[in-house]
Amino acid sequence: MFYKLLIVVFLAVSLQGTPSDGQKKKETLLSEKVSQMMEWASKRAVIRMNGEKFRRLIRAPPRNYSVVIMFTALQPQRQCAVCKQADEEYQILANSWRYSNAFTNRIFFATVDFDEGSDVFQMLNMNSAPTFINFPAKGKPKRADTYELQVRGFAAEQLARWVADRTDVHIRVIRPPNYAGPLMLGLLLAFIGSLAYLRRNNLEFLFNKNVWAFSALCFVLFMTSGQMWNHIRGPPYAHKNPNTGQVTP
Ligand SMILES: *[C@@H]1O[C@H](CO)[C@@H](O)[C@H](O)[C@H]1NC(C)=O
């Protein structure tokens, strides 16, 4: 009777021992993966991945962090102009997260270039770039985890909204300041100043009707041109309706 009890107790203890051992191993593996991701993220906001890194840190469990991946083809010979523009916006998004006060190890931003990880493209049956996919912390990517680039465009703010939907991580997009505008204005003023300085003896060109008429015409043409429109509203994106094949702006 006593021996039987001993055996039962022994069995119970040993059965409990096995899964907690596995649990411990899993925990170690997970914290190794998290610190690896954190180390890369401290070096650059968008982590570059090849097939090996993708399989080890994203595909294989365990994982308690989300990873957003931009699948792209940035090599010049691929001639993907959209990839370059999308990459710029993605960098803005990732940097906004990387340098925000809210930065945590809950989500990472990564990229796989076709020329460094074509095996990943094959594995996921992917045939177009750029494509954004969120790999959630739990489970496999669902349909909505693939970003609808055709519909939403690739502005960093749109990407941030999608990330918030999918992961509950809210990122405030901060764009680097654009010095091109003020710089051009400064150059223009300097040019006009020097012109006036050089010709200060004969400023009669200021009283010439033709000069004023011509400048006014230039101003109107510039303001009504597409350049100004793009400056204010951003360039329009054309996209194709997959059902009808119609191209609409
Ligand atoms: C994920 O697990 C690791 C290891 O246990 C832990 O250090 C990290 O804080 C966890 N991350 C999240 C977002 O819970």
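Criteria and thresholds
Residues numbered from 1 in each chain as written. Predicted model: local features only at pLDDT ≥ 70, side-chain atom pairs only at ≥ 80, totals over all residues. Heavy atoms only, no water. Near = heavy atom within 4 Å. Areas by Shrake-Rupley, 256 points an atom, 1.4 Å probe, with all protein chains shown as cover. Axes fitted to C-alpha atoms, helices over the stretch in contact; angles between N-to-C directions. Helix = DSSP H or I, 4+ residues; strand = E, 2+ residues; numbered from the N terminus. Parallel < 35°, antiparallel > 145°, perpendicular 65-115°, else oblique. Left-handed = near helix turned anticlockwise from the far one by under 90°. Contact = heavy atoms within 4.5 Å. Nonpolar A, V, L, I, M, F, W, Y, C, P; charged D, E, K, R; others polar. Salt bridge = Lys/Arg side-chain N within 4 Å of Asp/Glu carboxyl O. Buried < 20%, exposed > 50% of the residue type's maximum accessible area, 1.4 Å probe, protein only. Lys, Arg positive; Asp, Glu negative; His and termini not counted. Polar contact = N/O pair within 3.5 Å; in protein donor to acceptor, adjacent residues only side chain to side chain. Phe/Tyr/Trp six-rings, centres within 6.5 Å; stacked < 30°, edge-to-face > 60°. Lys NZ or Arg CZ within 6 Å of the ring centre and 35° of its normal.

(A) Quick look at the site of the ligand. Around the ligand, a shell composed of Glu27, Leu30, Ser31, Asn64, Asn105 and Arg106 is seen. Coverage of the ligand by the protein chains reaches 60% of its 360 Å² of free accessible surface.

(B) Inspection of the packing of helix 3 (residues 81-98) against helix 6 (residues 156-167) at higher detail. At their nearest, the axes of helix 3 and helix 6 sit 9 Å apart, and the two run at 55° to each other. Taken together, the axes of helix 3 and helix 6 lie oblique to each other. As helix 3 packs across helix 6, the resulting crossing turns out to be right-handed. On helix 6, the residues touching Glu89, Ile92 and Leu93 of helix 3 are Ala156, Leu159, Ala160 and Val163. The class makeup of the residues in the contact of helix 3 with helix 6 is six nonpolar, no polar and one charged.

(C) The pattern of salt bridges, seen in detail. Applying the stated criterion across every chain yields a total of eight salt bridges. Between Glu52 and Arg56 there is a salt bridge, with the nearest N and O atoms lying 2.9 Å from each other. Taken together, the positions of Glu52 and Arg56, both in helix 2 (residues 51-59) and four residues apart, correspond to about one turn of that helix. Across the pair Arg78 and Asp115 runs a salt bridge whose closest N-O atoms are separated by 2.6 Å.

(D) Here's a closer look at the side chain of Lys33. Checked against the element boundaries, Lys33 lands in helix 1 (residues 2-43). Summary of buried charges: Lys33 has no salt-bridge partner, and the nearest side chain of opposite charge, Glu32, is 9.3 Å away. A polar contact of 2.8 Å, which involves the side chain of Lys33, links it to the backbone oxygen of Pro62. Every residue in contact with Lys33, bar those within four places of it in the chain, is listed here: Arg56, Leu57, Ala60, Pro61, Pro62 and Tyr65.

(E) Structural view of the environment of Thr131. Mapped onto the fold, Thr131 is located in strand 4 (residues 131-135). Taking the C-alpha atoms as reference points, Thr131 and Leu149, separated by 18 residues in sequence, lie 7.4 Å from one another. Contacts of Thr131, omitting those with residues within four sequence positions, involve Ile69, Met70, Phe71, Met126 and Thr146. At 2.7 Å, the side chain of Thr131 and the backbone oxygen of Ser128 are in polar contact.

(F) Representation of the packing of aromatic side chains. In this structure the tally under the stated criterion is nine aromatic pairs. Ring geometry for Phe54 and Phe135: centres 5.5 Å apart, planes at 80°, overall edge-to-face. With Phe54 in helix 2 and Phe135 in strand 4, this residue pair connects regions lying 81 residues apart in the sequence. One exposure class covers both Phe54 and Phe135, and it is buried. Clustering of aromatic rings is evident, with ring pairs tying together Tyr90, Phe109, Phe132, Tyr147 and Trp162. Just above the ring of Tyr99 sits the side chain of Arg98; from NZ or CZ to the centre is 5.4 Å.

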